[in-house]
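Notes for the structure review
Each chain, written out:
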Amino acid sequence: MNRGEVLTEIERKQQILLQKADALRRSLHIDFRDRLVETIYSEAHRIAEAVTRVKPNPATDLDQRIDRIVTHPILGLPLMLLGLALAFWITIVGANYPSEMIARLLFAVENYGSKFFDWMGMPWWVTGFLWNGVYRGLAWVVSVMLPPMAIFFPLFTILEDLGYLPRVAFNLDWLFKKVGAHGKQALTMTMGFGCNAAGVIATRIIESPRERLIAILTNNFVPCNGRYPTLIMLGTIFVAGAFPPAFASFAAAGAVMGSVLIGILFTFLSSYLLSRTVLKGQASAFTLELPPYRTPNIKRILYTSFIDRTIFVLWRAMVMAAPSGAVIWILANIHIGNESLSNIITRWLNPLGYAIGLDGVILLAYILAIPANEIVVPTIVMGYLKAGMMMELESLSELRHLLVEQAGWTLLTAICLMLFSVLHNPCSTTVLTIYKETGSKKWAIIGALFPLGFAFLTTFLVASIWRLLLRG
Amino acid sequence: MPVSPHSCKTCPMYVNRLGVDVSRWDYLIALAGNPNTGKSTLFNALTGLKQHIGNWPGKTVSRAEGGFQFNGKKYKLVDLPGTYSLLSASEEEEIARDFLLFANPDVVMIVMDATAIERNLNLTLQILEITPRSVLVLNLMDEARKKGIYVDHRHLETELGIPVVPIVARTGEGLSFLMQTVSEVIEGRISLKPRHIPLDSDLESAVQQLLPLLQEAFPDFPNPRWIALRLLDGDASVSAVLTRNQEGNAFRKVAEKENEQGRSFDRNRA
């Protein structure tokens, strides 16, 4: 018998088999699969009952009692938000002093460095470019980002290690399902608080391509670590300033929390829009296990939060910030006629900025900060001071004076900037990650422009309505 | 009906064991179980640092494999993705299922969280439908004791028809007894009578009608009953694997890769 005949013989038998299976399936009751699953579950239940005896135990009872509270239909969500607000508050309060200390140290180094260069007889533009441009950009990023990250990431990792995140997903699951997205998007969204690029990578846990795309495109709406400094500054200057000092830190935390809530709101809104238009479909079900609470492992927490997260994010920010610092310096120091390049661009951007409640300086800062969102604030300050370089201001009251008295910021500016900060386009790393994860230039571009559109539209509406009301 | 892994040399499905190189090992062990059952802890406890971590062919799910020796025999251990079931079509479940079906491991260690017997039994019952050569590993016994959960493992043994070994992977408690049991299962010194899921009469009769056809189309298949159930369920991925073309392609790819690496391999004995 030759081989070809054997193959066709087997193939024929397989055909018969598959046809028979199809025919039999049609003869079976429609819900036989559900019944099979039910049988498996009831068998498992029966055997488990037969072989286990449980002594009433305080530890298990405690687990269940905690779960009953943190996944409570009504209490669950507020508790979660309270926990997040607490984490923000601890971060804001705790990051203040180390941030100042690191800044003082790094800027002292800059001072000596540039003096040393002068002493060596370097041309002014070498000193300016390297120390006041590149180095100062790096110093800003390190001093502004490192302390909050070093506090926020371990807090976040403790919650993760405790087993709290699956409960977050459990609490938010029904909301995501309502807007036509996957419940696991709650987890990738939470990852986005650390870093949107990491959040985009985390969407791998969502199997359905449609729901995964929704999770990728909307991840940007939760503010990442690089955007907290802007939010914290706005909260501190414009919100906390209106409260007595004793409550200032709570008010600042509340303002950051408010921006986060707006971001989450837009996550749901945009997910809903996407799943009703270009990414139509049903939300798919998934099994979510609520693992027992375990005591966090200190060594692992320190390793994960410092090596995997803090150092990783910080390194990326530094790589991105160095060239941005250089560009800022160049723009401020190249003159056409009597005006610096940054002045010309700012003037040109002013009308668009005004329309959305901001101004040209802020828009320029956002354009320069595309590689790394964390340098937005220093760039804005630089633009106003026209000092030709990014500035470190000694105290927040000076900063407030600069923004309000000199640059003419109002509450509207602060509100629009907060909205813009939460909603605007993702940083270049995130866009690159979207491209890598989806393998499509189209989705990467949409991933960048979709939030930007939202940001412009929202701030434009807010600014217009605000001005209309004030006039009327 | 258990079939020795070597009796099916003529069947294309067994030739390469899904790319797992068992030439230097005497036995192939698969590690299955729910997520969070300490599967990886057991894996590390058994293999130490001798492990290779990569990806499953063509998938984004990571795959760990390693080797260890027991009583002069070498074992290769493959850590399957943690799953709650084998019935849905997630990448993890497909990998675990295909490995159990086609790589034909000598023993499957089903790792179970002793504090959550019921939830873990769902997967166990499904695995027993696929392969009888299993040992149930009752892990996290220390946590169970702490929580006041007492598991009658001898009773569980008679219920499931496979050996049940209580261990604490973290401390190594029970590991040598576990390996003793595994080797006895391989040598056939422990008789296995795995419990099958009782089926409704109409489903049972449909399965009975398919079985002879399955035997004809795939004479050496060790788990026709489970395949019959999946075919009746219209599981597209199972019928795809069974259909000549796809099955040929998927397995040929692995086979060709092994050939490139210079391993001897027989692929034209259909």
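When helices and strands are counted, chain B shows 10 helices and 8 strands. When burial is assessed residue by residue, chain B has 43% of its 270 residues classed as buried. Intrachain contacts of chain B at a sequence separation of at least 6 include 68% that bridge at least 24 residues.

Along its length, chain A carries 19 helices and 3 strands. Out of the 472 residues belonging to chain A, those deemed buried represent 40%. Here the analysis covers contacts within chain A between residues at least 6 apart in sequence; of these, 73% occur between residues at least 24 apart.

Residues and elements named next belong to chain B. Taking 1.5 Å of rise per residue, the 13 residues of helix 2 (residues 91–103) would be expected to cover 18 Å, and the 17 Å separating its terminal C-alpha atoms lies within 8% of that figure. Inspection of helix 2 places Glu93, Glu94, Ala96, Arg97, Phe99, Leu100, Leu101 and Ala103 among the buried residues, and these make up the whole buried set. At the C-terminal side of helix 2, Asn104 shows a positive phi close to 50 degrees.

Contact residues are listed per partner, giving 44 residues for chain B and 43 residues for chain A. Elements that contribute at least two residues to the side of chain B that touches chain A include exactly helix 3 (117–130), strand 7 (149–151), helix 5 (153–160), helix 7 (201–217), helix 8 (224–232) and helix 9 (236–242) of chain B. Take the side of chain B that touches chain A: its biggest share by element is 9 residues, from helix 7 of chain B. One ladder, built from 3 bridges, connects strand 1 (residues 52–54) of chain A with strand 7 of chain B; its direction is antiparallel. Opposite A:Val54, over in strand 7 of chain B, you have B:Ile149 as the bridge partner.

Chain-level pLDDT for chain A is 81 on average; 91% of the residues reach the 70-or-more range. For chain A, the element scoring lowest by mean pLDDT is helix 1 (residues 3–27) of chain A, at 73; helix 19 (residues 441–471) of chain A scores highest, at 91.

In summary, soluble globular proteins display a tendency toward joint burial of nonpolar side chains. One finds A:Leu234, A:Ala252, A:Val256, A:Ile362, A:Ala365, A:Leu417 and A:Leu423 to be the most contacted residues of the largest nonpolar core, which totals 101 residues. No other element matches helix 5 (residues 124–162) of chain A, which puts 12 residues into this core. Non-local contacts of A:Val256, meaning those with residues more than four positions away in its chain, are made with A:Phe88, A:Tyr228, A:Leu231, A:Ile232 and A:Gly235. Judged by nonpolar contacts, the second largest core, of 75 residues, contains A:Ile47, B:Ile127, B:Ile162 and B:Leu232.

Our focus in this paragraph is the environment of B:Asp235. Within the element layout of this structure, B:Asp235 appears in the loop between helix 8 and helix 9. Sequence separation of B:Asp235 and B:Ser88 is 147 residues, and the distance between their C-alpha atoms is 8.9 Å.

Looking now at the pairing of strand 4 (residues 73–79) of chain B. All names here are of chain B. Along strand 4, 5 of the 7 residues are buried, which leaves the element largely enclosed by surrounding structure. Sheet analysis places strand 1 (residues 27–33) next to strand 4, joined by 5 bridges and oriented parallel. From the neighbouring strand, Leu28 faces strand 4, where its bridge partner is Lys76. Bridge count for strand 3 (residues 62–70) against strand 4 is 7 bridges, and the pairing is antiparallel. Bridging across to strand 4, Gly67 finds its partner in Lys76.

This part takes up the confidence of the model for chain B. All names here are of chain B. Of all residues in chain B, 73% have pLDDT values of 70 or greater, and the mean over the chain is 76. Note that pLDDT drops below 50 for residues 1–22; the model gives that stretch 49 contacts with residues more than four away or on any other chain. This model gives residues 244–270 a pLDDT under 50, and the stretch forms 34 contacts once residues within four places in sequence are excluded. In the model output, the complex is listed with pTM 0.60 alongside ipTM 0.78.

Attention now moves to the packing of helix 13 (residues 341–355) of chain A against helix 14 (residues 360–368) of chain A. Residues and elements named next belong to chain A. Packing of helix 13 against helix 14 brings their axes to within 7 Å, and their N-to-C directions diverge by 110 degrees. Here helix 13 is positioned roughly perpendicular relative to helix 14, judged by the angle of their axes. From helix 13, Ser342, Ile345, Thr346, Arg347, Leu349, Asn350, Leu352 and Gly353 reach across to helix 14, where they touch Gly360, Val361, Ile362, Leu363 and Leu364. Grouping the constituent residues of the contact of helix 13 with helix 14 by class yields 7 nonpolar, 5 polar and 1 charged.

Right, let's talk about the environment of A:Ala322 for a bit. All names here are of chain A. Positionally, Ala322 belongs in helix 12 (residues 298–333). A count of 17 C-beta atoms within 10 Å places Ala322 in the partly exposed class. Between the alpha carbons of Ala322 and Arg136 there is a distance of 8.4 Å; along the sequence they are 186 residues apart. Not counting the four nearest positions on each side in its chain, Ala322 is found in contact with Val134, Gly137 and Leu138.

Here the focus is the pairing of strand 6 (residues 134–139) of chain B. Residues in a regular strand point their side chains to alternate faces of the sheet. Residue and element names in this part refer to chain B. With 6 of 6 residues buried, strand 6 lies mostly within the body of the structure. Burial along strand 6 is two-sided: Ser134, Leu136 and Leu138 and Val135, Val137 and Asn139, pointing in opposite directions, are all buried. Relative to strand 6, strand 5 (residues 107–113) runs parallel, the two being bridged by 6 bridges. In the strand pairing of strand 6, Val108 is matched with Ser134. In this view, the connection linking strand 5 to its parallel neighbour strand 6 by way of helix 3 has right-handed handedness. Taken together, the 3 bridges between strand 6 and strand 8 (residues 164–166) define a ladder with parallel strand orientation. Residue pairing across strands places Val137 opposite Val165, the latter belonging to strand 8.

Quick look at the environment of A:Arg467 now. By secondary structure assignment, the location of A:Arg467 is in helix 19. For the pair formed by A:Arg467 and A:Gly357, sequence separation is 110 residues and the distance between their alpha carbons is 9.3 Å.

Residues and elements named next belong to chain B. At Asn36, a residue that is not glycine, the phi angle is positive and equals roughly 60 degrees. Considering the arrangement of structural elements, one finds Asn36 in the loop between strand 1 and helix 1 (39–47). One non-glycine residue with positive phi stands out, namely Leu140, at about 60 degrees. Following the sequence through the fold, Leu140 ends up in the loop between strand 6 and helix 4 (141–146). Under the C-beta neighbour-count criterion, Leu140 is labelled buried, with 26 such atoms within 10 Å.

Rules used in this analysis
- Residues numbered from 1 in each chain as written.
- Chains lettered and ligands numbered in written order.
- Predicted model: local features only at pLDDT ≥ 70, side-chain atom pairs only at ≥ 80, totals over all residues.
- Helix = DSSP H or I, 4+ residues; strand = E, 2+ residues; numbered from the N terminus.
- Buried ≥ 20, exposed ≤ 12 C-beta atoms within 10 Å, placed from the backbone.
- Contact = placed C-beta atoms within 7 Å.
- Expected span 1.5 Å × (residues − 1).
- Pairing = 2+ DSSP bridges.
- pLDDT = per-residue confidence, 0-100.
- Core = buried A, V, L, I, M, F, W, Y, C linked by C-beta atoms within 7 Å.
- Axes fitted to C-alpha atoms, helices over the stretch in contact; angles between N-to-C directions.
- Parallel < 35°, antiparallel > 145°, perpendicular 65-115°, else oblique.
- Nonpolar A, V, L, I, M, F, W, Y, C, P; charged D, E, K, R; others polar.
- Right-handed = clockwise from strand over helix to strand, strands pointing away.

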